[in-house]
Amino acid sequence: MSNTNKKAGKTAAANKTEKPIMQTKDLVKTYSTGKLETKALQGITLDIPAGSFSCIIGPSGHGKSTLMHLIGGLDRATSGDVIIDGAKISDLTDNELSELRASKIGFVFQFFNLLKNLTAVENIETAMMFSVNAPKSAKEQRVKALELLELVGLADKADAKPNELSGGQQQRVSIARALANDPEILLMDEPTGNLDSRSEEEVLEQLFRIHKTGKTIVIVTHNNELAAQAEIVYEIKDGKLHDLVKKVNAKKTQKKASKRKKVADE
Ligand code: ADP
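Residues numbered from 1 in each chain as written. Predicted model: local features only at pLDDT ≥ 70, side-chain atom pairs only at ≥ 80, totals over all residues.

Re the overall build of the protein
- If you tally the helices and strands in the protein, you get nine helices and 10 strands.
- When the 266 residues of the protein are sorted by exposure, 45% land in the buried category.
- Long-range pairs, those at least 24 residues apart, make up 74% of the contacts in the protein between residues at least 6 apart in sequence. (Helix = DSSP H or I, 4+ residues; strand = E, 2+ residues; numbered from the N terminus. Buried ≥ 20, exposed ≤ 12 C-beta atoms within 10 Å, placed from the backbone. Contact = placed C-beta atoms within 7 Å.)

Notes on the site of the ligand
- Contacts to the ligand come from Tyr-31, Thr-33, Thr-38, Ala-40, Gly-58, Ser-60, Gly-61, His-62, Gly-63, Lys-64, Ser-65 and Thr-66.
- Elements that contribute at least two residues to the shell around the ligand include exactly strand 1 (20-33), strand 2 (36-49) and helix 2 (64-71).
- The dominant element in the shell around the ligand, judged by the number of residues it contributes, is helix 2, at three residues. (Near = placed C-beta within 6 Å.)

Notes on the sheet that holds strand 1
- Strand order in the open sheet formed by four strands is 2-1-4-5, and the pairing between neighbours is antiparallel. At either margin of the open sheet sits one strand with a lone partner, and together these are strand 2 and strand 5 (87-88).
- Both strand 1 and strand 2 contribute to a ladder of 11 bridges, which runs antiparallel. Bridge pairing in strand 2 links Val-28 to Gln-42.
- The sheet strands contacting helix 2 are strand 1, strand 2 and strand 4 (79-84), and the helix crosses strand 1 at an angle near 120°. (Pairing = 2+ DSSP bridges. Axes fitted to C-alpha atoms, helices over the stretch in contact; angles between N-to-C directions.)

Remarks on the nonpolar core
- By size, the foremost hydrophobic cluster in this structure holds 64 residues, and its most contacted members are Ile-124, Leu-149 and Leu-187.
- The contacts of Leu-187, once residues within four sequence positions are left out, are Met-68, Ile-71, Gly-72, Ile-105, Phe-107 and Val-218. (Core = buried A, V, L, I, M, F, W, Y, C linked by C-beta atoms within 7 Å.)

Here we look at unusual backbone geometry
- Although it is not a glycine, Asp-85 sits at a positive phi angle of roughly 45°.
- Inspection of the secondary structure puts Asp-85 in the loop between strand 4 and strand 5.
- The phi dihedral of Asp-238 is positive, around 50°, even though this residue is not glycine.
- Structurally, the position occupied by Asp-238 is in the loop between strand 9 (232-237) and strand 10 (240-247).

Some words on the packing of helix 6 (residues 167-178) against helix 7 (residues 197-211)
- One way to put it is that helix 6 packs onto helix 7 with a least axis distance of 8 Å and a crossing angle of 20°. In terms of axis orientation, helix 6 runs roughly parallel to helix 7. Two packed elements cross with a definite hand, and for helix 6 against helix 7 that hand is right-handed. Two secondary-structure elements touch here, helix 6 through Gly-167, Gly-168, Gln-171, Arg-172 and Ile-175 and helix 7 through Ser-199, Glu-202, Val-203 and Gln-206.
- Its residues placed into classes, the contact of helix 6 with helix 7 shows two nonpolar, five polar and two charged. (Parallel < 35°, antiparallel > 145°, perpendicular 65-115°, else oblique. Left-handed = near helix turned anticlockwise from the far one by under 90°. Nonpolar A, V, L, I, M, F, W, Y, C, P; charged D, E, K, R; others polar.)

Function cannot be read off these values alone, since they describe shape.
This is how it looks when you write it as structure tokens:
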């Protein structure tokens, strides 16, 4: 990690000319359990540029998942703010926050969380039930779910139940499910944490493919090999932004992303 980058990370990231799709401003989260107070985040300020591929790394217990929950609008900060596509989370009611989350963010977790009695295609369809962006009729939902399975290379597994799929395949179904609402951002907590190295490669291949369609990808991970392939890597230690390991020209990234999105939309 370079010293030059260390400084850049502390003042937080992205240069001012680019458009961040997510921002945190002096984000603090303190958990209180009885008399015990845990300062999980102690003032994190960072930007995630639209269309970028970012990783948040750091040792276990240092605040990564807390940060992910806050930037995903799954929990609220003690102080500071999260801004998603221009909307300040602290200004939103719980209902408005749920709507924002459902329309902008797809989540992927380490343990897939697929419904075991449903097939791969049905698991994806369930995510469309409450969505504002997803097609409304059952027929259109089926078409879209099958397209998403194709995108993650599992067109032939539409009727398979989770226990008939490998770990990597299950995670690819959960990525397809996260895309069901056509979110701009994919937010992932250790998506390869429960996979062998071959399955991990399969999943990463699909992620890079999805990134090429213009999505913003943010991954919380211990996996340094994965982080090495990201455009931006934030390191969290003791609840603070310790380091910005690497940052490509984010303006260029954003331009590339809008170009990719345009091509994908055509
Ligand atoms: P990481 O994802 O880096 O492993 P976490 O964000 O899960 O770290 O945890 C940061 C700190 O906050 C840890 O000390 C953890 O024990 C504490 N913590 C996380 N969630 C809770 C919670 N719901 N209640 C109390 N303490 C928590």
